[in-house]
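Breakdown of the fold
Given next are the chains, with one letter for each unit.
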Amino acid sequence: MGRVFEVTLEGKIYSCKHCGTHLALAEEIVSKSFHSRHGKAYLFNKVVNVTLGEKEERLMMTGSHIVSDIFCVRCGSIVGWKYETAHEKSQKYKEGKSVLERFKISGPDGSHYWVSHGAHVGGSDADDA
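Everything numeric in this text was worked out from a predicted model, so none of it was measured. (Residues numbered from 1 in each chain as written. Predicted model: local features only at pLDDT ≥ 70, side-chain atom pairs only at ≥ 80, totals over all residues. Heavy atoms only, no water.)

The next point concerns the overall build of the protein. Summing up its helical and strand segments, the protein has zero helices and nine strands in all. Element order for the protein, N to C, with α for helix and β for strand: β-β-β-β-β-β-β-β-β. A separation of at least 24 residues holds for 49% of the contacts in the protein among residues at least 6 apart in sequence. Total accessible area on the protein is roughly 7100 Å²; 50% of this is exposed by carbon and sulfur atoms. (Helix = DSSP H or I, 4+ residues; strand = E, 2+ residues; numbered from the N terminus. Contact = heavy atoms within 4.5 Å. Areas by Shrake-Rupley, 256 points an atom, 1.4 Å probe, with all protein chains shown as cover.)

A few words on the environment of Leu-43. Structurally, Leu-43 can be placed in strand E4 (residues 39-44). For the pair Leu-43 and Tyr-83, spaced 40 residues apart in sequence, the C-alpha to C-alpha distance is 9.8 Å. Look past the residues within four positions of Leu-43 in its chain and what remains in contact with it is Glu-28, Ile-29, Val-30, Ser-31, Phe-34, Tyr-83, Tyr-93, Lys-97, Ser-98 and Val-99.

We now examine the nonpolar core. Nonpolar side chains in soluble globular proteins tend to end up buried together. Tyr-14, Leu-23, Phe-44, Val-47, Val-79 and Leu-100 are the most contacted members of the largest nonpolar core, which has 13 residues in total. Within the residue set of this core, elements represented by two or more residues are strand E1 (13-16), strand E2 (22-25), E4 and strand E6 (63-72). The residues contacting Val-79, other than those within four sequence positions of it, are Leu-23, Val-50, Ile-70, Phe-71, Cys-72, Val-99, Leu-100, Glu-101 and Lys-104. (Core = buried A, V, L, I, M, F, W, Y, C linked by side-chain atoms within 4.5 Å. Buried < 20%, exposed > 50% of the residue type's maximum accessible area, 1.4 Å probe, protein only.)

This part takes up the confidence of the model for the protein. Mean pLDDT for the protein: 87, with 84% of residues reaching 70 or above. Mean pLDDT across the elements of the protein bottoms out in strand E3 (residues 29-36) (94) and peaks in E2 (98). pLDDT under 50 marks residues 116-124. Its contacts with residues more than four places away, or in other chains, come to 14 contacts. (pLDDT = per-residue confidence, 0-100.)

With that settled, the discussion passes to the sheet that holds strand E8 (residues 98-101). Reading across from one edge, E3-E4-E8-E7-E6-E5 is the order of the six strands in this open sheet, with antiparallel pairing throughout. Each edge of the open sheet is held by one strand with a lone partner, namely E3 and strand E5 (50-60). For this sheet the average axis-to-axis angle between neighbouring strands, irrespective of direction, equals 30°. (Pairing = 2+ DSSP bridges. Axes fitted to C-alpha atoms, helices over the stretch in contact; angles between N-to-C directions.)

Quick look at the state of the cysteines now. In the structure shown here, the tally under the stated rule is zero disulfides. No disulfide involves Cys-16; its sulfur sits 3.6 Å from the nearest other cysteine sulfur, which is in Cys-75. On the basis of relative accessible area, Cys-16 is assigned to the buried category, the value being 1%. The thiol sulfur of Cys-19 is not disulfide-bonded, and the nearest other cysteine sulfur, from Cys-72, lies at 3.5 Å. (Disulfide = S-S within 2.5 Å.)

Structure below.
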């Protein structure tokens, strides 16, 4: 396999809750109004230390998108998804951006987000914007 190189971030950092690998900076958040199967999710302009899964067409609450799951480069845990293509004009702003699921990451203060019993268990990506 070879050696894994990781980017070390400075500032308010979101990291993998399983292994602590840095994933994104708070200043890169575009929206906190997204939802996933596990509850809240945040849209980021830029994430680091992830690998991309296969591109696939996925029907989400805001329409059909081509997305790739993203995985922590150190432990391999799925941490969210990346928008490759949005078919609807109003959703184009998501292209090239990534969503990290709050349930799967630690916040800048080390906090974890726990699934609420009322969390939606269907498609993902509801966006209030």
